[in-house]
Amino acid sequence: MKQKRIMILGAGRGQVELIKASKRLGYETIVASIKGDYPGFALADKACYVDISSPQAVFESAKQYEIDGIATSCLDTGITALGYTCEKLNLIGLSADSAQLSGDKLLMKTAFMENGVNTAKYVKVNSESELEAVANNLEFPLIVKAVDLQGSRGINI
């Protein structure tokens, strides 16, 4: 019987425990990431050098490795590629649409509001002058967050 293969997006510290857990469960681990001195490469069975922010590139690599599953942890960068690959390969997991929503904070906030999910008020702004114009209509303190950064980067109060 063929050993099941899991592709893990990212090779950094945030993926180390996922790689270890996958190996304990008996999976062949294929770590996908750009080249670099990342600890996950040394732990994985195979390294796949690919830009995980590119859904098409990850999908093509996943097909080549004939994976049975795909996952990541502690990383937003590969979420869109993960959903796209799950959908294209009929894998159990995140859909491409759900991945797109979860990877873009503005799209997610909009979906929350449209579907009656309680969430903090928000306004999309593209410049400091726009922020100054809308700040008068909002309650302080305000939190300004970039829609495409991860790990609390780009937050200003």
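Check the entry above for the structure.
All of the points below concern the structure found in this document.

Cut-off values and rules
Residues numbered from 1 in each chain as written. Predicted model: local features only at pLDDT ≥ 70, side-chain atom pairs only at ≥ 80, totals over all residues. Heavy atoms only, no water. 1 Å grid on protein atoms, 1.4 Å probe; cavity = no way out; pocket = protein on both sides within 12 Å on 5 of 7 lines; lining within 4 Å. Points joined across faces, edges and corners; volume = space filled by probe spheres on them. Helix = DSSP H or I, 4+ residues; strand = E, 2+ residues; numbered from the N terminus. Nonpolar A, V, L, I, M, F, W, Y, C, P; charged D, E, K, R; others polar. Pairing = 2+ DSSP bridges. Axes fitted to C-alpha atoms, helices over the stretch in contact; angles between N-to-C directions. Contact = heavy atoms within 4.5 Å.

**So, the layout of surface pockets**
And then number 1: By volume, the largest pocket is sized at about 700 Å³.
And then number 2: The wall of the largest pocket is formed by 22 residues, among which Lys121, Tyr122, Val123, Ile143 and Val144 lie closest to the centre.
And then number 3: Looking at the lining of the largest pocket, the elements that each hand over two or more residues are helix H6 (105–114), helix H7 (128–135) and strand S5 (144–145).
And then number 4: Take the lining of the largest pocket: its biggest share by element is three residues, from H6.
And then number 5: Split into classes, the residues belonging to the lining of the largest pocket amount to 14 nonpolar, two polar and six charged.
And then number 6: Each pocket or cavity is described by its volume, and for the second largest pocket that value is around 210 Å³.
And then number 7: If you go around the second largest pocket, you meet 14 residues; those closest to its centre are Gly10, Ala11, Ser33, Tyr38 and Leu75.
And then number 8: The dominant element in the lining of the second largest pocket, judged by the number of residues it contributes, is helix H1 (residues 13–24), at three residues.
And then number 9: Its residues placed into classes, the lining of the second largest pocket shows seven nonpolar, six polar and one charged.

**Remarks on the sheet that holds strand S4 (residues 69–71)**
Whenever strands of a sheet pair, they do so through backbone hydrogen bonds, lying parallel or antiparallel.
And then number 1: Sheet architecture is open: four strands sit in the order S3-S2-S1-S4, paired in parallel fashion. The open sheet terminates on both sides in strands that have one partner only, identified here as strand S3 (46–49) and S4. If you compare each strand with its neighbour and ignore which way they point, the axes differ by 25° on average.
And then number 2: Where strand S2 (residues 28–33) lies against S3, four bridges are found, and the strand directions are parallel. For serine 33, the partnering residue across the bridge sits in S3 and is tyrosine 49.
And then number 3: Strands strand S1 (5–9), S2 and S4 of the sheet are contacted by H1, whose axis makes an angle of about 175° with S1.
And then number 4: In the packing of helix H3 (residues 55–65) onto the sheet, contacts are made with S1, S2, S3 and S4, and the angle to S1 comes to roughly 155°.

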